[in-house]
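# Summary of the model geometry
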Amino acid sequence: MEEYIAAMPKAELHVHIEGTIEPALVQQLAIRNNIPIPSSISSLADTSSGYSFHDLTSFLAVYYPNMAVLLTSQDFFDLAYAYLTKAHSQNILHTEIFFDPQAHTSRGVSFSTVVTGLREAIVQAERELGVSASLIMCFLRDMDAQSAMDTLIEALQYKDWIVGVGLDSDERDNPPSKFSDVFARAKQEGWLVTCHCDIDQKDSIEHIRQALEEIGVNRIDHGTNIVEDKRLVQMVREKGIGLTCCPVSNSVVTEDFKGKEILELLRAGVKVTINSDDPAYFRGYVNENLIKMATDTDISREELLILQRNAFDISWISEEKKKGFLRLLEKFSV
Ligand SMILES: [Zn+2]
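Residues numbered from 1 in each chain as written. Predicted model: local features only at pLDDT ≥ 70, side-chain atom pairs only at ≥ 80, totals over all residues. Heavy atoms only, no water.

The subject of this paragraph is the overall build of the protein. Looking only at helices and strands, the protein features 17 helices and nine strands. Taken over the C-alpha trace, the protein has a radius of gyration of 19 Å; the compact-globule value for 334 residues is 20 Å, and the two agree within 12%. Dimensions of the protein, computed from C-alpha atoms along their principal axes, come out at roughly 50 × 45 × 40 Å. When each of the 334 residues of the protein is scored for burial, the buried share is 57%. When contacts within the protein are restricted to residue pairs at least 6 apart in sequence, long-range pairs at least 24 apart make up 77% of them. Total accessible area on the protein is roughly 13,400 Å²; 49% of this is exposed by carbon and sulfur atoms. Between the centroid of the 32 positive side chains of the protein and the centroid of its 50 negative side chains there is a distance of 5 Å. (Helix = DSSP H or I, 4+ residues; strand = E, 2+ residues; numbered from the N terminus. Rg over C-alpha atoms; globule rule 2.2 N^0.38 Å. Buried < 20%, exposed > 50% of the residue type's maximum accessible area, 1.4 Å probe, protein only. Contact = heavy atoms within 4.5 Å. Areas by Shrake-Rupley, 256 points an atom, 1.4 Å probe, with all protein chains shown as cover. Lys, Arg positive; Asp, Glu negative; His and termini not counted. Charge placed at Lys NZ, Arg CZ, Asp CG, Glu CD.)

On to the UniProt feature "site: Important for catalytic activity" (unreviewed entry) in the protein. According to UniProt, the feature "site: Important for catalytic activity" (unreviewed entry) maps to His222 in the numbering used here. Take His222: it is sitting in strand β7 (residues 219-222). Filtering out sequence-adjacent residues up to four positions away, His222 remains in contact with His14, His196, Cys197, Asp198, Ile199, Leu243, Thr244, Cys245, Cys246, Ser249, Asn250 and Asp277. (UniProt positions renumbered as here; feature names shortened; annotations may be inferred.)

The next point concerns the packing of aromatic side chains. Tallied over the entire structure, the rule returns 15 aromatic pairs. Judged by centre distance (4.4 Å) and plane angle (20°), the rings of Tyr51 and Tyr281 are stacked. Taken as a pair, Tyr51 in the loop between α3 (39-42) and α4 (56-66) and Tyr281 in helix α14 (residues 279-282) lie far apart in primary sequence, 230 residues in all. For the residue pair Tyr51 and Tyr281, the accessibility class agrees, reading buried in each case. A centroid spacing of 6.5 Å and a plane angle of 50° characterise the contact between Phe53 and Tyr281, whose relative ring orientation is tilted. Placement of the pair is Phe53 in the loop between α3 and α4 and Tyr281 in helix α14, with a sequence separation of 228 residues. Accessibility classification places Phe53 together with Tyr281 in one group, the buried group. Every member of this aromatic cluster is reached through a ring pair, and the members are Tyr51, Phe53, Phe59, Tyr63, Tyr64, Tyr281 and Phe282. Residue placement shows Arg219 over the ring face of Trp316; its charged tip is 4.0 Å from the ring centre. In this structure, Lys292 is placed above the aromatic ring of Phe257, and the distance from its NZ or CZ to the ring centre is 4.8 Å. (Phe/Tyr/Trp six-rings, centres within 6.5 Å; stacked < 30°, edge-to-face > 60°. Lys NZ or Arg CZ within 6 Å of the ring centre and 35° of its normal.)

This next bit is on the nonpolar core. Ranked by size, the top nonpolar core spans 106 residues in total, and within it Ile21, Tyr51, Phe99, Met137, Leu212, Ile226 and Tyr281 carry the most contacts. For this core, the leading source of residues is helix α5 (residues 73-89), giving eight residues. Leaving out residues up to four positions away in the same chain, Ile226 has contacts with Ile205, Ile208, Leu212, Leu232, Val233, Val236, Leu243 and Leu265. With five residues, the next largest nonpolar core counts Phe98, Ile136, Cys138 and Trp316 among its residues. (Core = buried A, V, L, I, M, F, W, Y, C linked by side-chain atoms within 4.5 Å.)

Glancing now at the UniProt feature "binding site: Zn(2+)" (unreviewed entry) in the protein. In the numbering used here, UniProt assigns the "binding site: Zn(2+)" (unreviewed entry) feature to His14, His16, His196 and Asp277. A maximum C-alpha distance of 11.7 Å among these annotated residues, which run over 264 residues, shows that they cluster at one spot. Of the annotated positions named here, the largest pocket is lined by His16, His196 and Asp277. Tracing the chain through its elements places His16 in strand β1 (residues 10-16). A distance of 3.4 Å separates polar atoms of two side chains, one belonging to His16 and the other to His14. Along the chain, His196 turns up in strand β6 (residues 196-197). (1 Å grid on protein atoms, 1.4 Å probe; cavity = no way out; pocket = protein on both sides within 12 Å on 5 of 7 lines; lining within 4 Å. Polar contact = N/O pair within 3.5 Å; in protein donor to acceptor, adjacent residues only side chain to side chain.)

With that settled, the discussion passes to the sheet that holds β6. An order of β6-β7-β8-β9 is seen for the four strands of this open sheet, with the pairing classed as parallel. This sheet does not close on itself; its edge strands, each paired only once, are β6 and β9 (272-274). Strand direction decides the pairing type here: strand β8 (residues 242-245) and β9, joined by three bridges, are parallel. Counterpart to Cys245 in the pairing with β9 is Ile274. (Pairing = 2+ DSSP bridges.)

See the structure below:
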């Protein structure tokens, strides 16, 4: 099964570029930029071991300080190129990468520094590795809506480099509706929209409803709690709105990887996909996430293929490119 998963042509639709920074790269960039090595790294026996945290709070206490090493366009290039190399090694043909501009502009790194480094890595990886990638700009939902709108306005000069917008970070008391105007403007500008609806939140179902009915999202990130509401399940199935699920990440932040719910939705005909989220932190890229599904649920080989068909299907690429990838997947399946 592991070989089958590794060989399968895949797409990834839910990965935060800031969450792909491996300990060795944090150390390397800290030295290059002549800044102190973050304590999350200096406390490790060696950089090949994973970061140490045990829940969402301790995860965030490592996650944000590590970003301090990202200062120049070259740093963002190196970060994205390292991820794209890893994705390519896992037979990922297309990936849609989240980035959080406010996590960088709020500490004095310009929007242009971030986006030009990421963009250059995508162009070079496409040329050198043949991997296809696009950028999705996420707003930090624990910051105010005006900050998100200011970020959107600043991003307009790079409009062609960004395929859509999303919403992430701390969901508690930060519903999708807080950003209605921002999403409306994003759509007006021609961007597609997605939104994190994290696992087992205080208002999970209401937030999923808002994302679908008030914002009119094209996809939902995580969102597996939808399984509790038949009407909403029917809505996403009928509209073909996909969910980008991340089982390994779920198992770290909620003590349940939600494999049962993911499979239930898949079997109900919802366009479910499997992704890595913050792979350097959760110690699992796409293959490891699929292996977890294969090991800990009774998912079949055919269903593993459907997950990939869904991922290409709901990806934000041209119909022509989509057909090309789906043809490769069909060829693999025979
Ligand atoms: Zn995420």
